[in-house]
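Observations on the model geometry
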Amino acid sequence: MTMHEQQEQQEVKLFFSTNLLEWYKVQKRDLPWRRHRNPYYIWISEIMLQQTRVDTVIPYFNRFIERFPTVESLADAPEEDVLKCWEGLGYYSRARNLQHAARQVKELHGGEVPNDRDAVFGLKGVGPYTAGAILSIAFNRPEPAVDGNVMRVLSRYFLLEDDIAKVPTRVKMERLAAELIPEGEASHFNQALMELGALICTPKSPRCLICPVMEHCAARLAGCETSLPVKTKAKPPRPEERLAALVTGSGEHAGRVLIRQRPQSGLLARMWELPHWPAPPADGGVSGALPEAAALDRLRRSLRQAGILARPEGHWTAAEHTFSHIVWTLQVYICREEDALAQPLAAEARASYAAAAPAAVEGAAGSSAAAGLAPAEPFADGDHPEDAGAVRWITRADMADYAFPNVFLKLLNSYFDEVEKELP
């Protein structure tokens, strides 16, 4: 690159930084985490904003900081309370990592979010972007904070055709973003970059005509703004059909629904749900919904294997829950409790449903029989480690005490809505 070209490049960078910053100071949105420089609040907002829209995060953020106003309050809270406060926001590992990191801050840093790069990077769940955001926004340190929005803006403005899904590209973008930060303006500038990507330089329909840096945007000048950034397509999530049981109670459990707790680790760890199991292939190994008779039979055997005395009666509804790597299609069946008197302690039992250990059910009396759960019968597909937690009979009011993934929250509310409509 010649001296003249280098000078031009510097002018283009200066134009970008100056005009973007001026635009932000006039046009920035009034967001609750922007009303102060509290590092803890900024940290909370950045974790919540991962994979989640701003308008969705705002009420969660407000409730969360009201419930856990300090690092110590979050560190000391029962995990169940944290998950309940996070309920419906998804990606629940974020909440668990956040609480783990709060305990680190309490134990290692006296309850104060550290103003130190290595210390922030050492917090559970804090990667390069989140660390850069905390250090720059809260402490005004000239650290880059490069997320998808920022990489899209930089790819277009500088006409960069590197694959943003690759680590070397992110490193390159971080170096470039750091060069663009005006002295003493790291906090505002990094937020300005994020704001431009969120409001103007959007993925599919960039609003170039009102962009504050359009004059020197290389992608716009080349007419290729909508084809950037370059990004390798992620592998689509694997579909999985599952059979779910909405078990309604009778006798002393009348008006209640049976829920179970997920295992202590893994996907949706320790959250509550309707019992459900993977469905076998419909015919000849082909995936898809089972015929109803076959589904009812499989669900009956799954319930028995889990020690749940209930009879499937018919299909109620279908629902979908998407993870980054898998999509559950839940076929939900209404099931009726067979004999409430035979399982008086089922609501308090801690059940181990795996076929390999049917006698390991523990309840108030320490056995499957005492807990009132049915003896397990052999299940052709082997153990089901998901069936390893407690079971409870709950009313709608009881839902406030348990944290549910969003799909089960919606299913339970829908069911109780139907029940309430039928009441005289």
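The structure this text deals with has already been given above.
Rules of the game
- Residues numbered from 1 in each chain as written.
- Predicted model: local features only at pLDDT ≥ 70, side-chain atom pairs only at ≥ 80, totals over all residues.
- Heavy atoms only, no water.
- Helix = DSSP H or I, 4+ residues; strand = E, 2+ residues; numbered from the N terminus.
- Buried < 20%, exposed > 50% of the residue type's maximum accessible area, 1.4 Å probe, protein only.
- Areas by Shrake-Rupley, 256 points an atom, 1.4 Å probe, with all protein chains shown as cover.
- Axes fitted to C-alpha atoms, helices over the stretch in contact; angles between N-to-C directions.
- Parallel < 35°, antiparallel > 145°, perpendicular 65-115°, else oblique.
- Contact = heavy atoms within 4.5 Å.
- Nonpolar A, V, L, I, M, F, W, Y, C, P; charged D, E, K, R; others polar.
- Left-handed = near helix turned anticlockwise from the far one by under 90°.
- Polar contact = N/O pair within 3.5 Å; in protein donor to acceptor, adjacent residues only side chain to side chain.
- Salt bridge = Lys/Arg side-chain N within 4 Å of Asp/Glu carboxyl O.
- Expected span 1.5 Å × (residues − 1).
- Core = buried A, V, L, I, M, F, W, Y, C linked by side-chain atoms within 4.5 Å.

A few points about the overall build of the protein chain
Helix and strand counts for the protein chain come out as 15 helices and seven strands. Within the protein chain, the proportion of its 424 residues that are buried is 50%. Roughly 20100 Å² of accessible area belongs to the protein chain as shown, and the carbon and sulfur atoms make up 52% of that amount.

Regarding the packing of helix H8 (residues 128-139) against helix H11 (residues 186-199)
Where H8 meets H11, the closest approach of the two axes is 7 Å, and the angle between their N-to-C directions is 135°. Here H8 lies oblique to H11, going by the angle between them. Mapping the contact onto sequence places Tyr129, Gly132, Ala133, Ser136 and Ile137 in H8 and Ala186, Ser187, Asn190, Gln191 and Met194 in H11. Of the residues in the contact of H8 with H11, the class split is five nonpolar, five polar and no charged.

A short note on the packing of helix H1 (residues 3-27) against helix H9 (residues 148-157)
When two helices pack together, their arrangement is given by the angle between the helix axes and the distance between those axes. The interhelical angle for the contact between H1 and H9, taken along N-to-C directions, is 140°, at an axis separation of 12 Å. Comparing the axis directions of H1 and H9 gives the class oblique. Helix-helix and strand crossings are classified by hand; for H1 and H9 the assignment is right-handed. Taken together, the residues of H9 that come into contact with H1 (itself represented by Val12, Phe15 and Phe16) are Val153, Leu154 and Tyr157. Classifying every residue of the contact of H1 with H9 by side-chain character gives six nonpolar, no polar and no charged.

Digging into the side chain of Ser45
Take Ser45: it is sitting in helix H2 (residues 39-48). A polar contact is formed between the side chain of Ser45 and the backbone oxygen of Ile42, at a distance of 2.8 Å. Residues contacting Ser45, with those up to four places away along its chain left out, are Trp33 and Phe61.

Let's talk about the pattern of salt bridges
Under the criterion given, the structure shown has 25 salt bridges. Measuring nitrogen to oxygen at the nearest pair gives 2.5 Å for the salt bridge that ties Glu79 to Arg270. Here Glu79, found in helix H5 (residues 79-86), pairs with Arg270, found in the loop between strand S2 (257-261) and strand S3 (272-273); they are 191 residues apart in sequence, far enough to count as distant. Judged by relative accessible area, which is 19%, Arg270 ranks as buried. The shortest N-O distance in the salt bridge between Glu313 and Arg336 comes to 2.9 Å. Residue Glu313 is found in strand S5 (residues 310-322), and its partner Arg336 is found in strand S6 (residues 326-337); the two are separated by 23 residues along the sequence. Each of Arg29, Arg34 and Glu195 takes part in one network of salt bridges that share partners.

Digging into H1
Taking 1.5 Å as the rise per residue, H1 with 25 residues should run 36 Å; its terminal C-alpha atoms sit 36 Å apart, in good agreement. Among the residues of H1, those classed as buried are Val12, Lys13, Phe15, Phe16, Ser17, Leu20, Leu21, Trp23 and Tyr24. Looking at the buried positions of H1, the neighbouring elements they touch are H9, helix H10 (167-180) and H11.

Topic: the nonpolar core
Counting 65 residues, the largest nonpolar core has Tyr40, Trp43, Met48, Phe64, Leu74, Trp86 and Phe404 as its most contacted members. In terms of residue count, helix H15 (residues 406-422) provides more of this core than any other element does, seven residues in total. What Phe64 contacts, discounting residues up to four positions off in sequence, is Tyr40, Ile44, Met48, Leu74, Val82, Cys85, Trp86 and Leu98. Listed in part, the 41 residues of the second largest apolar core include Trp23, Val146, Met151 and Phe189.

Focus: the side chain of Thr52
Considering the arrangement of structural elements, one finds Thr52 in the loop between H2 and helix H3 (54-67). Judged by relative accessible area, Thr52 falls into the buried class, the value being 15%. Polar side-chain contacts of Thr52 include one of 3.3 Å to the backbone oxygen of Met48.

Regarding the environment of Gly251
Note that Gly251 resides in the loop between strand S1 (238-248) and S2. Given a relative accessible area of 56%, Gly251 falls into the exposed group.

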